[in-house]
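Residue strings, one per chain:
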Amino acid sequence: MILGDRLMRSLRERRDQGLLRRLPPISPKALTLNLADNDYLELAKHPEVVAAARAALEEFGCSASASPLITGYAAPHRRLEQAICDWFETPSCLIWTSGFAANQAVLGHLPGKGDLILADRYIHHSMIQGILRSGARLRRYGHCDLDQLERWLQESSRAPPSGQVFVVTESVFSMDGDYPDIARLASLKKHFGFCWILDEAHALGWYGSRGEGLAGLNGVLSLVDVFVGTLGKALGSLGGFTLFADACMKDYLINFAGEFIYSTYLPPACAAAAERAIRLVRAMDARRAPLRLGSESLRQNLNDLGLSVASGDSPVVPVVFGDTRKTCAMGDHLERQGIRVGVIRPPTVPHNTSRLRISLKPSVFQRGGERLCQALADSMRKVGY
C-alpha cells in the first residue's frame, strides 16, 4: 500500500534520528516526583476541586453530549464564565474544549487577508496553525526581541498594511520558561495601537496578586485585546478560555469558529472543577512569592552542578543538553530513580536544543529539590555529561 509505505518510511527516518515519539508508560507506584505535567499548583487532586467535580458529575453526568450551541452549554459552564469574568474584572469570556482550540480559533478567524501579524518566533504550535489558516501576512520576530518588534512596528506605521496589525506572543513560553518584557509590550501597544493577543497559559496562577498572570502583575490587563488562558495547567482541570476587550470578538467566534460550533463541549464536571480551582488560586497570594523564589533557587542549584540553566522565576525550567539521544537517556535514567521530567526534542524545539523540561510545583520545594539535583548529577555521570 503506497500510503502505508510512505508512513513507515517517515517513522523509520524519525527513529533513526532518535526523534521517534511513543506514549509514555503509565506512572508506576515507584514514581515519587512527577515533574513532567503542568499541575503547577497541585490543584488537580485538591479535595475541594475533586469534590466540585464529583458533585457536577452526579448531577450532569460524564459528558456535555453536544456542542454548546445545541444543548452542551450547562449551568457549570455559565458559573465558570462568571467566575473568570469576576477574576479578571471583565464582561466578556468564552470557554473552549482546549487551549489549543482557543488559539487556533482566535488566530484563524480574527485576523484575515490584508492584516499583518507580528509574532514571537517561539509561539505555540496552536498559534502557528491558526495564523496559517487566517490568510494574514506573518512576520516572526526574534524570541523576546522587542527591539526588532519595535522596528517592524515603526516600518508598518510608515507604510501601513491595508488591514489590522496584530502582535502575538506568549507570556511564559512553554519550552523555555522565559517571558518578554510585558510592560514594554504594553507601552508599544499604547504607541502603535496594534491588536495584542497574549497567551498566558503557563503564567496563570503563578503570577499576579490574584494569580491572573503576567499582564495582571504588570497592571496592563486592560491593554490586552485577546487574553488566552488555560484550565488544564495551574487550575488542574481541562479546557481553555479567552477574554476579549471588544465583546463583538466573542460574538463573531461563536458564529464563525468551527472549533466552538462543532465540538462537544467541555464536560460539566471539568467546568465545576475549574471554577473551584479559581477560588483557591485567588486566595493564595501569600504562597505565590515563595514559589517564584524557589524557582530562582533551583535554577542556581542546577547551575552549580555545571548545567546551563537560564535565570528566571517561572514554573518551567528547561535544562538544555542539545544531543537528543543523550537527553532521552537522561530522562530514562531519572525515571528509573522515580523522577519523571519532560523529555523534549525536535520538532517541538529547534534542532540541537533537546532538553529536559522540569515543571515546578509546591511539593518540589517541600521535599524534592535536593533529591532532583542529586538524581540529575547521578544521571549525568551515567550518561557521560
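Below is a short write-up of the structure. (Residues numbered from 1 in each chain as written. Predicted model: local features only at pLDDT ≥ 70, side-chain atom pairs only at ≥ 80, totals over all residues. Heavy atoms only, no water.)

1. Description of the overall build of the protein chain
Regarding its fold elements, the protein chain presents 15 helices and eleven strands. Scaling as 2.2 N^0.38, a compact globule of 385 residues should have a C-alpha radius of gyration of about 21 Å, and the protein chain matches this with 21 Å. For the C-alpha atoms alone, the extent of the protein chain along its principal axes is close to 55 × 55 × 55 Å. Taken over 385 residues, the protein chain has a buried fraction of 53%. Within the protein chain, residue pairs in contact and separated by at least 24 positions form 72% of the contacts whose partners lie at least 6 positions apart. Only carbon and sulfur atoms are counted for the fraction: they give 51% of the accessible area of the protein chain, which is about 17600 Å². The positive charge centre, built from 45 side chains, and the negative charge centre, built from 39, are 6 Å apart in the protein chain. (Helix = DSSP H or I, 4+ residues; strand = E, 2+ residues; numbered from the N terminus. Rg over C-alpha atoms; globule rule 2.2 N^0.38 Å. Buried < 20%, exposed > 50% of the residue type's maximum accessible area, 1.4 Å probe, protein only. Contact = heavy atoms within 4.5 Å. Areas by Shrake-Rupley, 256 points an atom, 1.4 Å probe, with all protein chains shown as cover. Lys, Arg positive; Asp, Glu negative; His and termini not counted. Charge placed at Lys NZ, Arg CZ, Asp CG, Glu CD.)

2. Let's talk about the sheet that holds strand 9 (residues 316-322)
Taken in spatial order, the four strands of this open sheet run 1-10-11-9, and their pairing is mixed. Strands at the two margins of the open sheet, each flanked by one partner only, are strand 1 (33-35) and strand 9. With direction set aside, neighbouring strand axes in the sheet form an average angle of 30°. Pairing of strand 1 with strand 10 (residues 339-344) involves three bridges; the strand directions are parallel. What sits directly across from Asn 34, in strand 10, is Arg 340. (Pairing = 2+ DSSP bridges. Axes fitted to C-alpha atoms, helices over the stretch in contact; angles between N-to-C directions.)

3. Structural notes on the packing of aromatic side chains
All told, the structure shown has ten aromatic pairs when counted by the stated rule. On the numbers, 5.9 Å between centres and 50° between planes, the contact of Phe 88 with Phe 241 is tilted. Residue Phe 88 is located in helix 4 (residues 75-88), and its partner Phe 241 is located in strand 8 (residues 240-244); the two are separated by 153 residues in the primary sequence. Residue classification places Phe 88 among the buried positions, given a relative accessible area of 7%. With 5.7 Å between their ring centres and 80° between their planes, Phe 260 and Tyr 265 make a pair best called edge-to-face. The class of Phe 260 is buried, set by a relative accessible area of 5%. Clustering of aromatic rings is evident, with ring pairs tying together Tyr 73, Trp 96, Phe 260 and Tyr 265. Across from the ring centre of Trp 152, 3.8 Å away, lies the NZ or CZ of Arg 139, which sits over that ring. (Phe/Tyr/Trp six-rings, centres within 6.5 Å; stacked < 30°, edge-to-face > 60°. Lys NZ or Arg CZ within 6 Å of the ring centre and 35° of its normal.)

4. Re helix 6 (residues 125-134)
Structural remark: α-helix, 3.6 residues per turn; residues separated by three or four positions point the same way. Taken together, the buried positions of helix 6 are Ser 126, Met 127, Ile 128, Gly 130, Ile 131 and Ser 134. On the buried face of helix 6, the contacting elements are helix 5 (99-109), strand 3 (116-120), strand 4 (137-141), strand 5 (165-170) and strand 6 (195-199). Of the residues flanking the end of helix 6, it is Gly 135, one or two places downstream, whose phi is positive at about 85°.

5. As for the pairing of strand 2 (residues 93-96)
The two faces of strand 2 match: Cys 93 and Ile 95 on one face and Leu 94 and Trp 96 on the other face are all buried. Sheet analysis places strand 2 next to strand 8, joined by four bridges and oriented antiparallel. Looking across to strand 8, one finds that Leu 94 is bridged to Thr 242.

6. A look at the state of the cysteines
Summed over all chains, the structure comprises zero disulfides. Its sulfur unpaired, Cys 248 is 10 Å from the next cysteine sulfur, which belongs to Cys 195. Not engaged in a disulfide, the cysteine Cys 270 finds its nearest cysteine sulfur in Cys 62; these two sulfurs lie 10 Å apart. In this structure Cys 270 comes out as buried when scored by relative accessible area, which is 18%. (Disulfide = S-S within 2.5 Å.)

7. A look at the environment of Gly 232
Assignment of secondary structure puts Gly 232 in the loop between strand 7 (226-230) and strand 8. The exposure class assigned to Gly 232 is partly exposed, which follows from its relative accessible area of 35%. If near-sequence neighbours (up to four positions away) are discounted, Gly 232 is found in contact with Ser 237, Leu 238 and Gly 239.

8. Digging into the sheet that holds strand 4
The sheet built from seven strands is open, its strands ordered 2-8-7-6-5-3-4 with mixed pairing. This sheet does not close on itself; its edge strands, each paired only once, are strand 2 and strand 4. On average, each strand axis in the sheet is inclined to that of its neighbour by 20°, with strand direction left out of account. Where strand 3 meets strand 5, four bridges bridge the pair, whose relative direction is parallel. Bridge assignment links Ala 119 to a residue of strand 5, and that residue is Val 168. Strands in contact with helix 8 (residues 182-192) are strand 5 and strand 6; relative to strand 6, the strand with the most contacts, it is inclined by about 160°.

9. So, the packing of helix 7 (residues 146-158) against helix 8
Running from N to C, helix 7 and helix 8 point in directions that differ by 5°, and their axes come no closer than 11 Å. Taken together, helix 7 and helix 8 sit at an angle that is classed as roughly parallel. Seen from helix 7, the contacting residues are Leu 146, Asp 147, Leu 149, Glu 150, Leu 153, Gln 154 and Ser 157; seen from helix 8, they are Arg 184, Leu 185, Leu 188 and Phe 192. Looking at the contact of helix 7 with helix 8 residue by residue, the classes come out as six nonpolar, two polar and three charged. (Parallel < 35°, antiparallel > 145°, perpendicular 65-115°, else oblique. Nonpolar A, V, L, I, M, F, W, Y, C, P; charged D, E, K, R; others polar.)

10. Some thoughts on the side chain of Gln 104
Looking at the secondary structure, you find Gln 104 in helix 5. For Gln 104, a relative accessible area of 17% corresponds to the buried category. If we skip the residues at most four places from it in the chain, Gln 104 touches Ser 126, Gln 129, Gly 130, Arg 133 and Glu 259.

11. Some points on the nonpolar core
Core analysis: the biggest nonpolar cluster contains 108 residues, and Ile 84, Trp 196, Phe 241, Leu 302 and Ile 358 have the highest contact counts within it. If we skip the residues at most four places from it in the chain, Phe 241 touches Ile 84, Phe 88, Cys 93, Leu 94, Ile 95, Trp 96, Leu 204, Phe 227, Val 228, Gly 229, Thr 230 and Leu 231. (Core = buried A, V, L, I, M, F, W, Y, C linked by side-chain atoms within 4.5 Å.)

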